[in-house]
There are 2 protein chains.
Amino acid sequence: MDLYGEKIGNLVSQLSRLPGIGAKSAQRLAFHIINMPHDQVVALTNSMINAKENVHYCKECCTFTDGDVCSICANEKRNHKVIMVVENTRDLAAYEKTGKYDGVYHVLHGAISPMLGIGPQDIKLRELMVRLAGDVDEIIIATNKNLEGDATAAYISKLVKPMGIKVTRIASGVPVGGNLEYIDEVTLLRALEGRTNL
Amino acid sequence: MDLYGEKIGNLVSQLSRLPGIGAKSAQRLAFHIINMPHDQVVALTNSMINAKENVHYCKECCTFTDGDVCSICANEKRNHKVIMVVENTRDLAAYEKTGKYDGVYHVLHGAISPMLGIGPQDIKLRELMVRLAGDVDEIIIATNKNLEGDATAAYISKLVKPMGIKVTRIASGVPVGGNLEYIDEVTLLRALEGRTNL
C-alpha cells in the first residue's frame, strides 16, 4: 500500500484487522471513506468512540448496554423467573427478533472449549450463579448446537440441577453444527417450543 | 437496534452505510469494535480522520496521495510519455501489482454514463487534456470492458487522436462485463500486451 502513501496504507491496514474484512474490501472501504463528506467520517468515528467508551455489560444479564441494566432486564413485563442462557449478544438478538420469548437472558460471552483453552472461569458463569440465588423457575440453555455449546450446556446443567431449578435445552430444530445467529425465526421458535429437560 | 441502546444502534447504523456492509455484518463489526482495546479503536478512528483530512488527488494523475504528487508520478524511472487511463485508483493498483507496466497513469474517477447522468465534465478528463499538452507518445485506455468503459474509451479516442498522439485500448483479455480490480495478474498482462490501436 506504499503506492498511495502512508496515510492510506495505515487506514487499509487498520480496516484489514476487522473481522470479515479482507485486503480487497479494506482497500475499497478506505477509498470510500476518503470520498465521504468530512462530517460523515466524523459521525462514523464518533459513533465508534462513543460506543466503545459508553457500552459495557448489563449488570444483570451481561449483554451489551449503555445503561446500568439493559432494556430487557429493566422491563417489568418480562418474566424474570425464566432465564435463557446464550453464548453472545448476537444470539440474544436472534431470539429477541422472534418476538415470542418473554423471559430474560444471560449472555455468557463465549462457550467452554478445552481445545481453545476456554474454561468455565473464562465465561460469565459466575454471574449466572449469582442470579440463581434469586427467584428463578427455569434455565433455558440456548448455547450453539456444537461441541463447545453442548459442553457448556452439560456443565451448566450439572451445576444448576442440584439447586432444584428446572434446566432445559432448546430442541435440535437448530441444525447440528449451525450457529444460532444465522437461523430463521420459525426454526428458532420450533427449537424453543420443543425444548427438553436435561 | 433499540435492544442495545442508542450508542450501539448508532454505531450499527453508521457501519451499515459503508459499501458491502449489510445489517448483519454491521452488527458483528459493532460488537467487535466494542470488544477491541480502547487504543485500537482510537488507532482505527484516527487512521480514518487522518486519511480523510490529508489524502487528496495527485496534481498530475489524479490518483489518491497524501503528498503533492503520487509516488508513481514522482518516480523519474517511469516512462512519463506513456499514460494509462483508468477509471479509479483500485484499477491503477491492479495494474501496478503486475509490476510490468512502467508508464504513468491517469485516474478518471468514473466513466461516462448517460444512464447515470455522468458526462465528460464529471470525470477527470480536463486534467488529462492538460497533460497531453506536454510530451506524450501514447495513451493506453484501460477503462472497464463494459458500456460505460467503452463509451469513455471512444470519447477519449475522438478527442486525442486529432492531436497526433497514439491511442490504444487494452485487449479483450479482460472478460466483457468484468471489473478490472477482480482480474488475475496474468490476464491483466495479456490484455496489456494485446492492446490495439483505436
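Per chain, residues are indexed from 1 in the order of the written sequence. Chains carry letters from A onward and ligands carry numbers from 1 onward, assigned in written order. Restriction of local features to residues with pLDDT of at least 70 applies here, the model being predicted, together with a cutoff of 80 or more for giving and counting side-chain atom pairs; totals for whole chains, interfaces and linings are based on all residues. Excluded from the side-chain calculation are hydrogens and water; included are all heavy atoms of the structure.

Helix and strand definitions here come from DSSP, where helices need a minimum of 4 consecutive H or I residues and strands a minimum of 2 consecutive E residues; each element is numbered from the N-terminal end. Counting secondary structure elements, chain A contains seven helices and seven strands. Projected onto the principal axes, the alpha-carbon positions of chain A cover approximately 65 × 35 × 35 Å. Considering only intrachain contacts with a sequence separation of at least 6, the fraction spanning at least 24 residues in chain A is 56%. Of the charged side chains in chain A, 22 are positive and 23 negative, and the gap between their average positions amounts to 3 Å. A contact between two residues is defined here by any heavy atoms of the two lying within 4.5 Å. Within this scheme the basic residues Lys and Arg register as positive and the acidic residues Asp and Glu register as negative, but His and the chain ends are omitted. Where a charge lies is defined by one atom per residue type, namely NZ (Lys), CZ (Arg), CG (Asp) and CD (Glu).

All names here are of chain B. Mapped onto the secondary structure, Arg-131 falls in helix α5 (residues 125-132). Whether a residue is buried, partly exposed or exposed follows from its accessible area with a 1.4 Å probe, protein chains only, as a fraction of its type maximum: under 20%, in between, or over 50%, in that order. Overall, Arg-131 belongs to the buried group, its relative accessible area being 13%. Among all residues touching Arg-131, those that are not within four sequence positions of it are Glu-60, Cys-61, Cys-73, Ile-83, Val-104, Tyr-105, His-106 and Val-136.

Here the phi dihedral of His-109 of chain A falls at roughly 55°; this positive angle occurs in a residue that is not glycine. Locating His-109 of chain A in the fold gives a position in the loop between β4 (103-107) and α5 (125-132).

Contact with chain B, which involves 55 residues of that partner, is made by 55 residues of chain A. The term buried area refers to how much accessible surface (probe radius 1.4 Å) is lost by two components on association, counted for both of them together. Surface buried jointly by chain B and chain A totals about 5,200 Å² across both partners, of which 68% is contributed by carbon and sulfur atoms. Distance and chemistry together define a polar contact, namely a pair of N or O atoms within 3.5 Å, with one atom able to donate a hydrogen and the other to accept it when in protein, and with adjacent residues in sequence counting only for side-chain atoms on both sides. Here chain B and chain A share 10 residue pairs in polar contact (both at pLDDT 80 or more) between them. For the side of chain B that touches chain A, the secondary structure elements donating two or more residues are α1 (6-16), α2 (23-35), α3 (38-54), β2 (64-65) and α4 (89-98) of chain B. Ranked by residues supplied to the side of chain B that touches chain A, first place goes to α3 of chain B with 15 residues. Residue composition of the side of chain B that touches chain A, grouped by class: 28 nonpolar, 15 polar and 12 charged. In the scheme used here, Gly and all other residues not listed as nonpolar or charged are polar, with Ala, Val, Leu, Ile, Met, Phe, Trp, Tyr, Cys and Pro taken as nonpolar and Asp, Glu, Lys and Arg as charged.

In this analysis, rings of Phe, Tyr and Trp, with Trp reduced to its six-membered ring, are considered paired at centre separations within 6.5 Å, and the interplanar angle assigns stacked below 30 degrees, edge-to-face beyond 60, and tilted for intermediate values. Following the criterion strictly, the structure yields six aromatic pairs over all chains and no others. Ring geometry for Tyr-57 of chain A and Phe-64 of chain A: centres 5.6 Å apart, planes at 35°, overall tilted. A connected cluster of aromatic rings, assembled from ring pairs, spans Phe-31 of chain A together with Tyr-57 and Phe-64 of chain B.

Another aspect to go through is the nonpolar core. Residues grouped as a nonpolar core are buried Ala, Val, Leu, Ile, Met, Phe, Trp, Tyr and Cys residues, joined through side-chain atoms within 4.5 Å. In this structure, Leu-15 and Met-48 of chain A together with Leu-15 and Met-48 of chain B are the most contacted members of the largest nonpolar core, which totals 42 residues. Counting only elements with at least two residues in this core, the list comes to α1 (6-16), α2 (23-35) and α3 (38-54) of chain A together with α1, α2 and α3 of chain B. What Met-48 of chain B contacts, discounting residues up to four positions off in sequence, is Leu-11, Leu-15, Ile-33, Val-41, Leu-44, Thr-45 and Met-48 of chain A.

An automatic or database domain assignment supplies the residue ranges for each domain. Taken domain by domain, chain A holds domain 1 (6-54) and domain 2 (64-197). On a C-alpha basis, the centroid separation for the pair domain 1 of chain A and domain 2 of chain A is 33 Å.

Turning to the pattern of salt bridges, a few remarks are in order. Residues and elements named next belong to chain B. Throughout this description, the term salt bridge denotes a Lys or Arg side-chain nitrogen within 4 Å of a carboxyl oxygen of Asp or Glu. Inspection of every chain in the model, using the stated rule, returns 10 salt bridges over all chains. Between Lys-81 and Asp-135 there is a salt bridge whose closest N-O contact spans 3.3 Å. Of this pair, Lys-81 sits in strand β3 (residues 79-86) while Asp-135 sits in the loop between α5 and β5 (138-141), placing them 54 residues apart in sequence. Taking the relative accessible area as the measure of exposure, Asp-135 reaches 51% and is therefore exposed.

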